[in-house]
Amino acid sequence: MIVKDIELKNFRNYENEKIEFSPSVNIIYGNNAQGKTNILEGIYLFSMGKSNRTRHDEQLIKFGCEKAEINMNFIGGEREISAHMIIKKDRRKSIFMNELPVKKNSDLVGKFNVIYFGPECMEIVKGGPSVRRKNIDILISQLRPNYFVCLSNYKKTVEAKRALLKEENIDKITLDILNERLILLAAEIIRYRVEYISKTEKISGEIQREISSGSENLEIKYNYAGGIIEEFDEEKVKSSLKEKLNRCYGREIELREVLFGPHRDDIEYFINGENVKNFGSQGQQKTTVLVQKIAEVNLVREERGEYPVLLLDDIMSELDFLRQSYILTKIRNMQIIITCTDKGRFNILPDTRKIRVEKGRII
């Protein structure tokens with residue numbers, strides 16, 4: 001994947017700017033709050049159809065304007081693709097690929113692959129389970145669009161069940177039907193997650209050992225309802241899901257909430273057997289996230305036959321010299337777009353294009 005250029009019209013703090021990119025390393029630099037991250041957000045929008053920073057599309061529109069437009073030309077699968085997005089204040093959003101309308105996000109997912117790594121990604125280790133679920137869901141969705149559809153259907157079923165549980169007189173027959181559907185969708189989601197955790201663990205483990213000179217062994221585990229799943233067995237998982245739903249049946253009715261399912265599961269990281277979130281040093285936590293993102297890059301390469309676009313949002317300030325050197329020397333042969341305040345630290349990189357941003361303008 002290579003982004004050739006992007007044009008932002010009334011997007012965030014940009015009135016009308018076009019940015020051209022090198023197929024290798026691009027350094028977007030400038031002081032804080034000038035609009036550097038907004039460029040990465042505009043690129044990211046074409047991977048998932050939604051922002052990585054906000055759930056409200058109207059926040060993407062420049063203050064005082066009725067709509068925002070983004071045009072992006074990129075190469076994917078050895079094809080040149082022209083992408084166009086219109087975001088309106090009434091929350092309507094239109095997306096086109098080579099002038100053909102994209103009717104739903106599931107049709108967009110997988111067309112343009114990116115891996116994003118910013119300071120907030122440290123929450124993958126430090127934060128709650130929802131952050132870790134979201135991270136792996138984004139990765140799998142880019143590689144397996146069917147997963148995106150399954151996840152969407154699961155969320156809709158959970159919402160339907162939640163609405164039913166809040167009714168004064170709960171229809172038990174409908175509740176049983178929704179539970180059966182949840183079991184089928186949940187098992188499929190768990191299958192995908194366990195598969196991709198196993199793949200990323202293998203790659204991440206090798207990188208972790210390299211960075212730590214062989215002293216650290218990284219493991220990634222899928223924790224569902226208090227238990228670890230290392231290998232997926234469909235019948236066992238479905239049976240377990242049914243048992244747990246039956247066990248919390250009365251409790252869900254009492255609390256009027258969906259208490260069990262993949263929307264409450266967690267992904268846990270261990271170094272030498274110790275949980276990184278609870279017992280890892282700050283350096284180990286940063287390294288864990290770093291190797292996770294590098295593993296995601298390599299996994300996309302293995303699955304799709306080409307590297308994704310790597311977006312690095314001011315992440316170097318979060319990493320010490322050793323980790324900075326590792327990421328700058330090991331991630332090559334792909335397009336990287338980096339934001340920073342100090343472009344000097346990237347002088348060791350060859351063939352870099354430097355782009356200065358000041359108050360929403362390309363200088």
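Here the structure is a predicted model, which means the values were calculated and not measured. (Residues numbered from 1 in each chain as written. Predicted model: local features only at pLDDT ≥ 70, side-chain atom pairs only at ≥ 80, totals over all residues. Heavy atoms only, no water.)

Chemist: Any details on helix α5 (residues 145–165)? Residues and values, ideally.
Modeler: For α5, with 21 residues, the first-to-last C-alpha span of 31 Å sits near the 30 Å given by 1.5 Å per residue. Within α5, burial applies to Tyr147, Phe148, Cys150, Leu151, Tyr154, Thr157, Val158, Lys161, Arg162, Leu164 and Leu165. Lining the buried residues of α5 we find α1 (36–48), α2 (105–108), α4 (129–143), α6 (172–211), α7 (234–247) and α8 (249–255). (Helix = DSSP H or I, 4+ residues; strand = E, 2+ residues; numbered from the N terminus. Expected span 1.5 Å × (residues − 1). Buried < 20%, exposed > 50% of the residue type's maximum accessible area, 1.4 Å probe, protein only. Contact = heavy atoms within 4.5 Å.)

Chemist: Give a detailed account of the pairing of strand β1 (residues 2–11), specifying residues and quantitative values.
Modeler: Each regular strand shows side chains that alternate between the opposite faces of the sheet. As paired strands, β1 and strand β4 (residues 67–76) are joined by seven bridges and run antiparallel to one another. Residue pairing in the sheet places Ile2 in a bridge with Ile75 of β4. Two strands pair when backbone bridges link them, and β1 and strand β2 (residues 14–20) are joined in this way by six bridges, in the antiparallel orientation. Pairing of Lys9 across the sheet is with Asn16, part of β2. Linkage of β1 to β2, two consecutive antiparallel strands, is achieved through a turn of two residues, within which Arg12 is found at a positive phi near 55°. (Pairing = 2+ DSSP bridges.)

Chemist: An account of the sheet that holds strand β13 (residues 309–313) is requested, with residue identities and associated values reported.
Modeler: Strand order in this open sheet of six strands is β8-β13-β14-β3-β15-β16, and the pairing throughout is mixed. Every interior strand has two partners, whereas the edge strands, β8 (114–117) and β16 (361–362), have only one. Sheet analysis places strand β15 (residues 352–358) next to β16, joined by two bridges and oriented antiparallel. By the bridge assignment for β16, Val357 is matched with Ile362.

Chemist: Tell me about the environment of Pro101, and name the residues and values.
Modeler: You can see Pro101 is positioned in strand β7 (residues 100–102). Placed 17 residues apart in sequence, Pro101 and His84 show a C-alpha to C-alpha distance of 9.3 Å. Setting aside residues no more than four positions away along its own chain, Pro101 makes contact with Ile95 and Phe96.

Chemist: Explain the nonpolar core to me, and be specific about the residues and the numbers.
Modeler: Within the largest apolar cluster, 117 residues are counted, with the highest numbers of intra-cluster contacts made by Phe21, Ile43 and Phe112. No other element matches α6, which puts 16 residues into this core. With near-sequence residues (within four places) excluded, Phe112 lies in contact with Met1, Val3, Ile43, Phe46, Ser47, Met72, Phe74, Gln142 and Val309. (Core = buried A, V, L, I, M, F, W, Y, C linked by side-chain atoms within 4.5 Å.)

Chemist: Mind laying out the layout of surface pockets, listing which residues take part and the relevant values?
Modeler: Reported here for the largest pocket is a volume of approximately 1200 Å³. Lining the largest pocket we find 34 residues, and of these Lys50, Arg55, Lys134, Leu151 and Lys155 sit closest to its centre. Listed by contribution, the elements that provide at least two residues to the lining of the largest pocket are α1, β6 (93–97), α4 and α5. The greatest single-element share of the lining of the largest pocket, amounting to nine residues, is contributed by α5. In terms of residue class, the lining of the largest pocket is made up of ten nonpolar, nine polar and 15 charged. For the second largest pocket, the lining is made up of 17 residues, of which Tyr116, Cys121, Lys134, Asn135 and Ile138 are closest to its centre. Contributing elements (two or more residues each) for the lining of the second largest pocket: β8, α3 (123–126), α4 and α10 (282–304). (1 Å grid on protein atoms, 1.4 Å probe; cavity = no way out; pocket = protein on both sides within 12 Å on 5 of 7 lines; lining within 4 Å. Points joined across faces, edges and corners; volume = space filled by probe spheres on them. Nonpolar A, V, L, I, M, F, W, Y, C, P; charged D, E, K, R; others polar.)

Chemist: Would you mind going over unusual backbone geometry in detail, with residue names and values included?
Modeler: With phi around 55°, Arg256 is a residue other than glycine that occupies positive phi space. By secondary structure assignment, the location of Arg256 is in the loop between α8 and β11 (266–271). Look at Arg256 and you get partly exposed, because its relative accessible area is 31%.

Chemist: Run through the sheet that holds β4, naming residues and quoting values.
Modeler: The strand order across the open sheet built from six strands is β2-β1-β4-β5-β6-β7, with neighbouring strands paired in antiparallel fashion. Two strands close off the open sheet at either side, each with one partner strand: β2 and β7. Strand-to-strand twist of the sheet, defined as the mean angle between neighbouring strand axes without regard to direction, takes the value 15°. The pairing of β6 with β7 spans three bridges and is antiparallel. Bridging from a neighbouring strand, Phe96 pairs with Pro101 of β7. Relative to the sheet, α1 contacts β1, β2, β4, β5 (79–88) and β6, its axis offset from that of β1 by approximately 110°. (Axes fitted to C-alpha atoms, helices over the stretch in contact; angles between N-to-C directions.)

Chemist: Can you tell me about the pairing of β6, naming the residues and giving the values?
Modeler: Pairing of β5 with β6 involves five bridges; the strand directions are antiparallel. By the bridge assignment for β6, Ala83 is matched with Met97. The turn linking β5 back onto β6 is made up of four residues, and Arg91 within it adopts a positive phi angle of 75°. Between the end of β6 and the start of β7, which pair antiparallel, lie two residues, with Asn98 showing a positive phi angle near 50°.

Structural measurements only, silent on function.
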